[in-house]
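# Per-entry structural report
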Amino acid sequence: SISVDFLISLLGDLFKAEGNIDEVSIMMTTVLPEVIAREIALFSVSGLIQDEEEVESAVWPLRRSFADIEAANPLDDDRVDPQLVPSLGIFCRTCQAIIDGVLIEMRLKGDGLSVVGSHLSASNGNSGYTFDADEESLFEAASFFPAETAPLQKLRWLNSLKSLHESKGQWIEAAETLMLGAATISQALPHIRTFWRPSEFVLWHDDRRSLWLETIGKDEHQPDRGNVQVMEFAGSFLEPQSLFGYQAKKQAGTRKLGRPTTTVMSDMLTACATDAVSNYLKEEGSEELAYSRLESLLRKVMAVIEENAPLTGGILIPLAARRRLAEEDAALRKASAVLNSNLSTLAQRMSMASETPEKKVQFKISPTAVPRG
């Protein structure tokens, strides 16, 4: 109740001062997976979690708190501006979707799920805590983040949604999700130097400033399950260890996660598109859909290339900047070449399919079938 009251005051005052809560919303929703994972890890080292259902129980109060914040009524609470209500609702529903998303990511690990060295047994699937529409939760979490300012956060949840579809054998849905990811990268490329990157929270790592960190795990007399192990587990949920081939690294001398270069983002785009084509082809007769999606993506990449082409015409550019622009242009053109290669492969498959004589399909009617008139 104290946390709910504090956050309503914080968001209400911020809205009055800035006119929106967009920036703080992106920051909070970015680090929320780490907060959730840390909460789960602390329950685990205290011996309170043995299976997946108890994991869901551990984060249920946090999920319910966001529902209480969303229910804040301007008629009853003068801290809540009536114009804040729509933004507050979107923010709270996204936070709930992210909580569900973390649980989904943990379930996708299957029997290999381990929290700070403690292996968790699988639940029987009858839990009453998690939101049962997993795909909707992951898509809602991804939709909250703009491609221009928080593309890696958006990609993180699209990647989880793709993995969920693949685990169910839904190859077309997985491919469509990957194409959304590739489109997100193409939108983010012009804004690569300005989009949001999170930092590790120093008070969770520095035991000189947070003296209580040394007490984590001591109640269970397990020195190998202390704050270091808790933060290793929580940090793995801040961002995935590998996101379409990209591994986030901290900037030198800071706790802030680094920003990928244009070359890295271009490689991520081609990895997304290639994986999408592979998934499309696992379903018979999907070549035309894959070709259409890939052709649309190629047009977007070519538009980015034209907008970011190195300047010519006698304009003096420093050597370092000229070299950087040339490298970025080469990376984008390499990505377009890979997309063109995939398009050629799809075109050949479509041509071969059209030349194959159609087979007559014989329908067998069951003698017990009820005729429809």
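Please read all numbers here as calculations on a predicted model, not as lab measurements.

### A few points about the overall build of the protein
Check the secondary structure of the protein and you find 11 helices and 2 strands. Per-residue burial over the protein gives 42% buried out of 373 residues. Considering only contacts within the protein whose residues lie at least 6 apart along the sequence, 77% involve residues at least 24 apart.

### Topic: the side chain of asparagine 159
Turning to its location among the elements, asparagine 159 is positioned in helix α6 (residues 151-167). Given a relative accessible area of 14%, asparagine 159 falls into the buried group. Those residues within four positions of asparagine 159 in sequence are excluded, and the remaining contacts are Leu243 and Phe244.

### Let's talk about the packing of helix α4 (residues 85-108) against helix α5 (residues 134-144)
Look at α4 against α5: their axes get within 8 Å of each other, and the N-to-C directions meet at 125°. The angle between α4 and α5 places the two elements in the oblique class. Helix-helix and strand crossings are classified by hand; for α4 and α5 the assignment is left-handed. Contacts between α4 and α5 pair Ile90, Arg93, Thr94, Ala97, Ile98, Asp100, Gly101, Ile104 and Arg107 from the former with Asp134, Ser137, Leu138, Glu140, Ala141 and Phe144 from the latter.

### Quick notes on α5
All buried positions along α5 are accounted for by Asp134, Glu135, Ser137, Leu138, Ala141, Ala142 and Phe144. Tucked inside the fold, the buried residues of α5 contact α2 (22-45), α4 and α6.

### Examining the packing of aromatic side chains
Within the structure shown, the criterion is met by 4 aromatic pairs. Centre to centre, the rings of phenylalanine 66 and phenylalanine 91 are 6.2 Å apart; their planes meet at 80°, and the pair counts as edge-to-face. Of this pair, phenylalanine 66 sits in helix α3 (residues 52-70) while phenylalanine 91 sits in helix α4, and the two are 25 residues apart along the sequence. With respect to class, phenylalanine 66 is no different from phenylalanine 91; both count as buried. Ring centres 5.4 Å apart and planes at 85° place the aromatic pair phenylalanine 144 and phenylalanine 145 in the edge-to-face group. Here the basic side chain of arginine 156 rests over the ring of tryptophan 157, its NZ or CZ set 4.3 Å away from the ring centre. Lysine 282 extends its terminal NZ or CZ atom over the ring of tryptophan 171, reaching a point 4.1 Å from the ring centre.

### Re the nonpolar core
If you look at the biggest cluster of nonpolar residues, it comprises 56 residues, and the most contacted ones within it are Ile40, Phe66 and Met106. Looking at this core, the elements with two or more residues in it are α1 (2-18), α2, α3, α4, α5, α6 and α8 (227-238). With 11 residues, α4 is the largest single contributor of residues to this core. Here isoleucine 40 is in contact with Ile49, Val55, Val59, Leu103, Met106 and Val115, once residues within four sequence places are set aside. Membership of the second largest hydrophobic core comes to 33 residues, among which are Ile192, Phe244, Val301 and Ile305.

### Digging into the confidence of the model for the protein
Considering every residue of the protein, the mean pLDDT works out to 84; 87% of them sit at 70 or more. Scored below 50 in pLDDT, residues 126-131 makes 11 contacts in the model with residues more than four places away or belonging to other chains. The low-confidence segment residues 359-373 (pLDDT under 50) makes 0 contacts with residues lying over four places distant or belonging to another chain.

### Topic: the side chain of asparagine 279
Relative to the helices and strands, asparagine 279 resides in helix α9 (residues 262-280). If near-sequence neighbours (up to four positions away) are discounted, asparagine 279 is found in contact with Glu166, Trp171, Ala174, Ala175 and Leu178.

### Quick look at the state of the cysteines
Note on terminology: disulfide describes a covalent bond linking the sulfur atoms of two cysteines. Scanning the entire structure with this criterion turns up 0 disulfides. Unpaired in terms of disulfides, cysteine 92 finds its nearest cysteine sulfur in cysteine 95, a separation of 6.3 Å.

### With respect to α4
In a regular helix each residue adds 1.5 Å, so 24 residues correspond to 34 Å; α4 covers 34 Å between its end C-alpha atoms and thus fits that length. Burial within α4 is extensive, with 17 of its 24 residues counted as buried.

Conventions and cut-offs
- Residues numbered from 1 in each chain as written.
- Predicted model: local features only at pLDDT ≥ 70, side-chain atom pairs only at ≥ 80, totals over all residues.
- Heavy atoms only, no water.
- Helix = DSSP H or I, 4+ residues; strand = E, 2+ residues; numbered from the N terminus.
- Buried < 20%, exposed > 50% of the residue type's maximum accessible area, 1.4 Å probe, protein only.
- Contact = heavy atoms within 4.5 Å.
- Axes fitted to C-alpha atoms, helices over the stretch in contact; angles between N-to-C directions.
- Parallel < 35°, antiparallel > 145°, perpendicular 65-115°, else oblique.
- Left-handed = near helix turned anticlockwise from the far one by under 90°.
- Phe/Tyr/Trp six-rings, centres within 6.5 Å; stacked < 30°, edge-to-face > 60°.
- Lys NZ or Arg CZ within 6 Å of the ring centre and 35° of its normal.
- Core = buried A, V, L, I, M, F, W, Y, C linked by side-chain atoms within 4.5 Å.
- pLDDT = per-residue confidence, 0-100.
- Disulfide = S-S within 2.5 Å.
- Expected span 1.5 Å × (residues − 1).

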